[in-house]
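# Summary of the model geometry
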Amino acid sequence: MGPSNHVRAGSGPRNPAGTLAGRLRRTRSIPGRIEHDMTTPSTASPGTSEAPTTPARSPRSGALGAFVMVSGVLLAAWMTAGRALFGAGGDMVAWFAFSLGPVMATLLVVTGWCIRVTARRGFRTRRSTVVSLSITGALGLLFGLTVPDTTDEGLASLLSVWSGPDSLEMSIGLCNPLGTITVALAVFSLVFAVGDSRGPKPIIEED
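Residues numbered from 1 in each chain as written. Predicted model: local features only at pLDDT ≥ 70, side-chain atom pairs only at ≥ 80, totals over all residues. Heavy atoms only, no water.

Bringing the overall build of the protein chain into the picture now. Scanning the protein chain from terminus to terminus reveals 8 helices and 2 strands. Relative to its 207 residues, the protein chain shows a buried fraction of 31%. For the protein chain, contacts bridging at least 24 residues in sequence account for 76% of all contacts bridging at least 6. Carbon and sulfur atoms form 64% of the exposed surface of the protein chain, whose accessible area is close to 14,300 Å². (Helix = DSSP H or I, 4+ residues; strand = E, 2+ residues; numbered from the N terminus. Buried < 20%, exposed > 50% of the residue type's maximum accessible area, 1.4 Å probe, protein only. Contact = heavy atoms within 4.5 Å. Areas by Shrake-Rupley, 256 points an atom, 1.4 Å probe, with all protein chains shown as cover.)

Laid out in structure tokens, this is it:
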């Protein structure tokens, strides 16, 4: 018996038509699969994937907000009556307690609250907000050192108490600009923090 008379099962050439028919039968075995894929509208916008776009939350921003709220109250107290702890307090303490102190405390506490809202919404606090707050704190500390007040020995500032009466004139010249810039930067910090809480601005591509 010659080798040409023996035909092994499956050794013949594959039939492309039979293979295609088998695929069609397997496709029909899943009712409505193709129709569902073709008729179900996609919720994703053109050019974007369907993956969730929820931004990652930033727990550091929440901690930063709490720190800004606490340090803001302490900074306002320092600017109002910090010099009284070292014997340089006078009439200006009571004046600042009803003017500068509440203004600074309110601005910084609201700024810290906005930073916490930013974290809860999943957004991130921008670097400009952090830098503005840092400069506000530094200038507020300097203001508490240089603001003059009336004492039993005459006009004095905390800087003049520590370094001598020769620095009193320099304190008088520095305290007003420092106070003005500190309040202005606190306002800017609040504006930045409010912007952060609203999330990043959408990028508009021009044709």
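It is worth spelling out the pattern of salt bridges at this point. Side-chain pairs of opposite charge can arise whenever the charged atoms involved come near each other. Following the criterion strictly, the structure yields 2 salt bridges and no others. Among the ionic pairs, Asp149 bridges to Arg83, the shortest N-O distance being 3.1 Å. Note that Asp149 is positioned in strand β1 (residues 148-151) and Arg83 in the loop between α3 (59-81) and α4 (91-97), a separation of 66 residues in sequence. Classification of Asp149 by relative accessible area gives buried; the value is 0%. Judged by relative accessible area, which is 0%, Arg83 ranks as buried. The closest approach of N and O atoms between Asp196 and Arg126, which form a salt bridge, is 2.4 Å. Of the two residues, Asp196 sits in helix α8 (residues 168-197) while Arg126 sits in the loop between α5 (100-120) and α6 (127-146), which places them 70 residues apart along the sequence. By relative accessible area, which is 4% here, Asp196 ends up buried. (Salt bridge = Lys/Arg side-chain N within 4 Å of Asp/Glu carboxyl O.)

Core analysis: the largest hydrophobic core is formed by 24 residues, its most contacted members being Met79, Leu100, Met104, Leu108 and Phe143. Secondary-structure elements contributing two or more residues to this core are α3, α5, α6 and α8. With 7 residues, the top contributor of residues to this core is α5. (Core = buried A, V, L, I, M, F, W, Y, C linked by side-chain atoms within 4.5 Å.)

Under the criterion given, the structure shown has 2 aromatic pairs. Ring geometry for Phe86 versus Trp162: centroids 5.3 Å apart, planes at 85°, classification edge-to-face. One end of the pair, Phe86, is in the loop between α3 and α4; the other, Trp162, is in helix α7 (residues 158-163), and 76 residues separate them in sequence. Both rings, one in Phe96 and one in Phe143, keep their centres 6.0 Å apart while their planes meet at 50°; by these two values the pair is tilted. Of this pair, Phe96 sits in helix α4 while Phe143 sits in helix α6, placing them 47 residues apart in sequence. By relative accessible area, which is 9% here, Phe96 ends up buried. (Phe/Tyr/Trp six-rings, centres within 6.5 Å; stacked < 30°, edge-to-face > 60°.)

The next point concerns the pairing of β1. Judged from the 4 bridges that link them, β1 and strand β2 (residues 154-157) form a sheet pairing that is antiparallel. From the neighbouring strand, Thr151 faces β2, where its bridge partner is Gly154. Between the antiparallel neighbours β1 and β2 lie 2 residues. (Pairing = 2+ DSSP bridges.)

Here we take up the environment of Ala84. Locating Ala84 in the fold gives a position in the loop between α3 and α4. On the basis of relative accessible area, Ala84 is assigned to the partly exposed category, the value being 40%. Sequence spacing of Ala84 and Asp149 is 65 residues, and the spatial spacing of their C-alpha atoms is 9.3 Å.

Attention now moves to the packing of α6 against α8. Taken N-terminus to C-terminus, the directions of α6 and α8 make an angle of 155°; their axes are 8 Å apart at the nearest point. Relative to α8, the element α6 is oriented roughly antiparallel. Of the two elements, α6 crosses α8, and the hand of that crossing is left-handed. Grouping the constituent residues of the contact of α6 with α8 by class yields 15 nonpolar, 10 polar and 1 charged. (Axes fitted to C-alpha atoms, helices over the stretch in contact; angles between N-to-C directions. Parallel < 35°, antiparallel > 145°, perpendicular 65-115°, else oblique. Left-handed = near helix turned anticlockwise from the far one by under 90°. Nonpolar A, V, L, I, M, F, W, Y, C, P; charged D, E, K, R; others polar.)

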